[in-house]
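Structure at a glance
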Amino acid sequence: MKKNIKIVGVISSSKVRGNTATLVREALKGAEEEGASVKEIFLAQHKFNFCTGCLNCTAKGKCPLPDDFEEIRKIIYEADGIILGSPTYATEYNAIMKCFIERLGPYTLYASLLGGKYGAGISTAYGEGAAKKVAKKLADTFGFAIFQRSYASGYLGVGTMFKGQEKKTCKNEEALKKAHDLGVKITKDIKDNNEYPFQNLIIRLMVALYLRPIFKRKILICKDREEHATYESLSKRGLL
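Here's a quick rundown of the structure. Computed from a predicted structure; not experimentally measured. Each chain has its residues counted from 1, following the order in which its sequence is written. With pLDDT at 70 or above as the cut-off, local features in this predicted model cover only qualifying residues; side-chain atom pairs require 80 or more to be listed or tallied, and sums for whole chains, interfaces and linings still use all residues. Side-chain numbers come from the whole structure's heavy atoms, not from hydrogens or water.

Here's the deal with the pairing of strand E2 (residues 37-42)
Stated precisely, the cut-off is as follows: DSSP calls a pair of strands paired once it identifies at least 2 bridges connecting them. Here a helix means four or more residues in a row that DSSP labels H or I, a strand means two or more in a row labelled E, and each is numbered from the N terminus.
As judged from the six bridges shared by strand E1 (residues 6-11) and E2, these two strands associate in the parallel manner. Its bridge partner being in E2, Val10 is matched across the sheet by Ile41.

Digging into helix H8 (residues 228-236)
Let me state the cut-off plainly: Using a 1.4 Å probe on the protein chains alone, a residue whose accessible area is under 20% of its type maximum counts as buried, one over 50% counts as exposed, and one in between counts as partly exposed. Our arc is simply the arc of the directions from the helix axis toward the C-beta atoms. Throughout, a contact is declared for two residues whenever any of their heavy atoms are within 4.5 Å.
Listed as buried for H8 are Ala229, Thr230, Ser233 and Leu234. Buried residues of H8 fall within an arc of 125° about the axis and therefore sit on the same side. On its buried face, H8 is in contact with helix H2 (56-60), helix H4 (95-110) and helix H7 (201-221). Looking one or two residues past H8, Gly238 carries a phi angle of roughly 70°, positive in sign.

With respect to unusual backbone geometry
With the exception of glycine, the majority of residues adopt a negative phi angle, and the majority of peptide bonds are in the trans configuration. Even without a glycine there, the phi angle at Leu55 is positive, about 65°. Within the secondary structure, Leu55 sits in the loop between E2 and H2. Here Leu55 falls in the partly exposed class, since its relative accessible area comes to 39%. Here the phi dihedral of Ser112 falls at roughly 50°; this positive angle occurs in a residue that is not glycine. Structurally, the position occupied by Ser112 is in the loop between H4 and strand E6 (118-125).

Brief notes about the nonpolar core
Going by this rule: To define a nonpolar core, start from buried Ala, Val, Leu, Ile, Met, Phe, Trp, Tyr and Cys residues and group those joined through side-chain atoms within 4.5 Å.
Within the largest apolar cluster, 25 residues are counted, with the highest numbers of intra-cluster contacts made by Ile7, Leu23, Ile83, Ile122 and Ile186. Listing elements by their share of this core, those giving two or more residues are E1, helix H1 (19-33), E6, strand E7 (151-159) and helix H6 (173-192). With near-sequence residues (within four places) excluded, Ile186 lies in contact with Ile7, Gly81, Ile82, Ile83, Tyr118, Gly119, Ala120 and Ser153. One finds Phe48, Ile82, Leu104 and Leu138 within the second-largest nonpolar core, a separate group that totals 21 residues.

Details of the sheet that holds E2
Inclusion rule: The axes used here are C-alpha line fits, helices contributing only the stretch in contact, and every angle between their N-to-C directions lies in the interval 0 to 180 degrees.
Read from one edge of the open sheet, five strands run E2-E1-E3-E6-E7, paired in parallel fashion. Each end of this open sheet is capped by a strand with a single partner; those strands are E2 and E7. Taken over all neighbouring pairs, the strand axes of this sheet differ in orientation by 15° on average, direction set aside. Here E1 runs beside strand E3 (residues 81-85); their pairing, made up of five bridges, is parallel.

Structure representation (structure tokens):
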């Protein structure tokens, strides 16, 4: 059973005490009560720019943009579990979360640097259906990997409209309990090394049979150039 579990909540809300932020913090509270050490990253309080597609990350393992992202990336890579929380904007997660995911970039994807981690998604919207769609999409961030898979522990979408009036999440006891339980669940998954053998099975087979050999060939060809950091990371972890 794994000990010293680290779980990070990444919140892309614009409001510090908004609905989504409240649910993510409740999930972190559940994780902490289950024995994990927790940390919150409130993205709006950090400076980070848009990805420029320079691919310096895959070559050198570091982004050259002068902002806070390398500090955030280090926390993400050290975590065992990651809870992504974004409000729903036009049935999608918001621009701050999109920028964050893009900044994790091809280096994180190619080197499978979310490999072995557990994730969850949380979102809120006026309508529960839209919130669930976005929360699942956030959780699906952990459903695709090339060399080492990650796992989705679950997702939570909460509608804030109740009988024609907006209901603040902080007063929605049912939603808070579900968020708390999600935090407990992701921690237990990590403790028990829950491998979800049937999760994304078809996608994993396609990756193993088709995509992985293509990526491996490219990384080996470019290991001294644009894929140097990717090659070093995979080799060090025995994944290449």
